[in-house]
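Survey of secondary and tertiary structure
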Amino acid sequence: MPEWYVMIANQQIGPVDHAKIVEFIRLKQVVPQTLVWKHGMNEWIAVGNVDVFQSYFAGTAQPTPPNQAPPHTSGHRAKQKLAGTRFCRNCAEAIDERAVVCLSCGADPVKSNNYCQECGSETHPKAIICVHCGCKLATGPGILDQIAQGGDYIDAPNPPRDPLLMALLSGCCIFWLGQILMGQTTKGIVMLLVTILSIPVGLGIVLWPIAAIDAYLIGKKLKEGKPVKQWEFF
Amino acid sequence: MGVLLTRMTQPRFWQSKYPEILGISLILAYVALARELLPIPLCPSVIFSDIPCPTCGITRSMWSIFHGDWVRAFHWNPLGFLAVFLFVRRLLVLTMPRNRLIEAIDNRWVNGILGMTFFIVYFWMFFYIINNYYIKYI
């Protein structure tokens, strides 16, 4: 019968049954210090201290004594950060620094507050600075939230277009063509009409280099994997 | 053919690499194989005000490059050389797996030099037009 609740990576999982916890122990997702709870218990306790599970930890680390805090709540577990990576703030797995979703836990890597994104150490939920490495903790809505709230982000082409080629096409016979090809269709068509209509009165000439520079910078943003809005310039 | 038309109705198709490959192939085939270019100005600037834009002449320049007249190509528009390189490079990047050749022509240094060259020549043409057409036109 599913009756147990497990705390893995500061996230409550459950209710799960006895066999599921045994499976977690076998996969080493649950260690003796992992906290569990079920109806009838006054507080969460380390799974290593639960009689029915103690036999499954034979040959592994000793359970934590009840009067001692589990090691993972004591804080420091700084990791080596590789270039171009950071740690997920939800599960402390190393991920690409541009990733919008952690491939290990599926969460938004900056939305949670469990670990430092720079050193992987555990952090206090209300901390704004990591006390182990001193860096500012990444907070606030992640890119997925921004996309969900902002709404007007473009569906970028895949693979991303060449920024220089887009600049050439935007400064070319059909002005703002690069922006249209990169997904900023509305902006491209409106600006093309504005440019064409303002050529006879002499203003269109100012918009030619703007179109080329804008296409180059928008193309670079898309190539770096950043989200771009429909009416975003430069 | 039917499959192609069905795919073309899906928005995802236009976000993929295939229309880009098709477009670049058609442009390169046109400038490389055409005996003469169409005598119709495509640039809205020329159509509406008789003033060329900084990239006017690129098609003629690319046509001249493919027909061996490189000096005339330079006189039509120096950006023609850049355009041919960018079109060919993009076609290779999209159709071939990443190899040494592509690594050599598509990296940060090459892109930086090409970007600087493009904007320097572009603004050179831009101010040339202002001096030789726009001020006279006013």
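Model, not experiment: these values are computed from the prediction.

1. Quick notes on the confidence of the model for chain B
Residues with a pLDDT of 70 or more make up 96% of chain B, whose mean pLDDT is 86. Scored as a complex, the prediction yields pTM 0.61 and ipTM 0.86.

2. Focus: a nonpolar patch on the surface
Residue and element names in this part refer to chain A. On the surface, V190, V194, L217, W231, F233 and F234 cluster together into a nonpolar patch covering about 490 Å² of accessible area. Along the chain, F233 turns up in the segment after α7 (204–223). Owing to a relative accessible area of 33%, F233 belongs among the partly exposed residues under this scheme.

3. A look at the confidence of the model for chain A
Scored by pLDDT, chain A comes out at a mean of 78, with 83% of its residues at no less than 70. With pLDDT under 50 throughout, residues 61–75 of chain A is counted as low confidence; its partners more than four residues away or in other chains account for 21 contacts.

4. Concerning the packing of helix α4 (residues 163–170) of chain A against α7(A)
Residue and element names in this part refer to chain A. Direction vectors running N to C along α4 and α7 enclose 155°, while the axes themselves pass 8 Å from each other. The pairing of α4 with α7 is recorded here as roughly antiparallel in orientation. The chirality of how α4 crosses α7 is right-handed. Along the contact surface, α4 presents P163, L164, M166, A167 and S170, while α7 presents A211, A212, A215, Y216, G219, K220 and K223. Among the residues forming the contact of α4 with α7, the class breakdown is eight nonpolar, two polar and two charged.

5. Focus: the interface of chain B and chain A
Contact residues are listed per partner, giving 36 residues for chain B and 29 residues for chain A. Of the roughly 2,800 Å² buried between chain B and chain A, counting both surfaces, carbon and sulfur atoms make up 70%. Looking only at chain B, the three residues that lose the most surface to chain A are B:Q15, B:R90 and B:F119, adding up to 19% of its buried area. There are two salt bridges connecting chain B and chain A. In this structure, the salt-bridge partner of A:R161 is B:E20, at a minimum N-O distance of 3.0 Å. Summed over the shared surface of chain B and chain A, the number is six residue pairs in polar contact (both at pLDDT 80 or more). At the level of elements, α2 (11–14), α3 (18–33), α4 (44–49), α7 (79–95) and α9 (108–137) of chain B are the ones that each hand at least two residues to the side of chain B that touches chain A. Looking at the side of chain B that touches chain A residue by residue, the class counts come to 24 nonpolar, seven polar and five charged.

6. Some remarks on α7(A)
For α7(A), which comprises 20 residues, the first-to-last C-alpha distance of 28 Å matches the rise-based estimate of 28 Å (1.5 Å per residue) to within 8%. A positive backbone phi angle near 85° is found at A:G225, which sits one or two residues after α7(A).

7. Quick word on unusual backbone geometry
All names here are of chain A. We note that A92 has phi near 65°; this positive angle belongs to a residue other than glycine. Among the secondary structure elements, A92 is positioned in the loop between β5 (85–87) and β6 (94–96). A relative accessible area of 0% places A92 in the buried class. Although it is not a glycine, W176 adopts a positive phi angle of roughly 65°. Its location among the elements puts W176 in the loop between α4 and α5 (177–182).

The rules behind each value
Residues numbered from 1 in each chain as written. Chains lettered and ligands numbered in written order. Predicted model: local features only at pLDDT ≥ 70, side-chain atom pairs only at ≥ 80, totals over all residues. Heavy atoms only, no water. pLDDT = per-residue confidence, 0-100. Patch = residues over 30% accessible without salt bridge, like charges linked within 9 Å, V, L, I, M, F, W, Y side chains within 5 Å. Areas by Shrake-Rupley, 256 points an atom, 1.4 Å probe, with all protein chains shown as cover. Salt bridge = Lys/Arg side-chain N within 4 Å of Asp/Glu carboxyl O. Helix = DSSP H or I, 4+ residues; strand = E, 2+ residues; numbered from the N terminus. Buried < 20%, exposed > 50% of the residue type's maximum accessible area, 1.4 Å probe, protein only. Contact = heavy atoms within 4.5 Å. Axes fitted to C-alpha atoms, helices over the stretch in contact; angles between N-to-C directions. Parallel < 35°, antiparallel > 145°, perpendicular 65-115°, else oblique. Left-handed = near helix turned anticlockwise from the far one by under 90°. Nonpolar A, V, L, I, M, F, W, Y, C, P; charged D, E, K, R; others polar. Buried area = accessible area lost by both parts, 1.4 Å probe. Polar contact = N/O pair within 3.5 Å; in protein donor to acceptor, adjacent residues only side chain to side chain. Expected span 1.5 Å × (residues − 1).

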